[in-house]
Structures are given as structure tokens and as C-alpha cells.
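# Chains, contacts and geometry: an overview
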Amino acid sequence: MAINFDQLLVLPGQNIFSQPLTITPTVSQSATLNHPVVPYAGRGVWSSTIEAVTLEDGSKLTTRTLSISIRLSEYAVPPQQGDTVSLVSDTTSFFAGIAIGTTVSFVIDDLFFKGDGSVLIILKRVI
């Protein structure tokens, strides 16, 4: 008997924890003369991971990796590396120091397709 993790695990998680976002498909849906790139709405669960790296001289560098998990079945064309993801910061956002109501944009740096029907998207901030 097959277990549908997308329905049993990913969907309830998205329904509870996801935030709205906008994807600008500059790579996944290339523009043509008659079909310009059109941003579209989506949703995803945001995450932030602190990474500590020890350098050759023994000093440490700490950075933060931002990611978002999306449900693959909710996207007719999955986002790809190079597409842009944007959201409007609100009281539930984890972006310290960014005014509420500010649009924050990221470029998709990498994607990891999970076996449960979700995709983990690694992001880089666009400034």
C-alpha cells in the first residue's frame, strides 16, 4: 500500500504554516515577445538556518541560510534556479529590521526535490 505523503503530511503543514508569496518566473517561464513574464501568487513555509563555518586561520564565520518549502503539486510549472520569490513583511515574518509592509525579494539559489511532494528552495536576498 502506497502512502501519499503529499496529502497526509505536506498539505496539512502548508495549510497551517505557509505564508503568501509571489514568484516571478524569469527562468522557469521565459518571456517572449507575445508572452511577457507574469508574476504569480503561491505559498510556502519559510525557514532560517544559522550556519557556522571555521576558516583556515581558526576564526569562525556565521551566516544565515533562508529557505522556503513549497508543495510541488500546487505549481503547474515549478520554480527554477534564477526565478525570484517575493513576500511582504508582516508580524509573522522573521526578517529583523525590515519595516512591516515592505516587499522583500530573493533569487532562487538552489532547489532540493524531496520524496514527500515538497521542494526546499534555498534563497539569496536581492538588495
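This text gives an overview of the structure that appears in the document.

Thresholds applied
- Residues numbered from 1 in each chain as written.
- Predicted model: local features only at pLDDT ≥ 70, side-chain atom pairs only at ≥ 80, totals over all residues.
- Heavy atoms only, no water.
- Phe/Tyr/Trp six-rings, centres within 6.5 Å; stacked < 30°, edge-to-face > 60°.
- Helix = DSSP H or I, 4+ residues; strand = E, 2+ residues; numbered from the N terminus.
- Buried < 20%, exposed > 50% of the residue type's maximum accessible area, 1.4 Å probe, protein only.
- Salt bridge = Lys/Arg side-chain N within 4 Å of Asp/Glu carboxyl O.

## Describing the packing of aromatic side chains
For the structure shown, the criterion picks out 2 aromatic pairs. Plain terms: the ring middles of tryptophan 46 and phenylalanine 106 are 5.6 Å apart, the flat faces sit at 45° to each other, and that makes the pair tilted. Within this pair, whereas tryptophan 46 is found in strand 2 (residues 40-54), its partner phenylalanine 106 is found in strand 5 (residues 103-113), the two being separated by 60 residues in sequence. On the basis of relative accessibility, which here comes to 0%, the residue phenylalanine 106 falls in the buried class.

## What to know about the pattern of salt bridges
A full pass over the atoms with the stated rule returns 4 salt bridges. A network of salt bridges, in which partner residues are shared, links Asp6, Arg43, Arg71 and Glu74.

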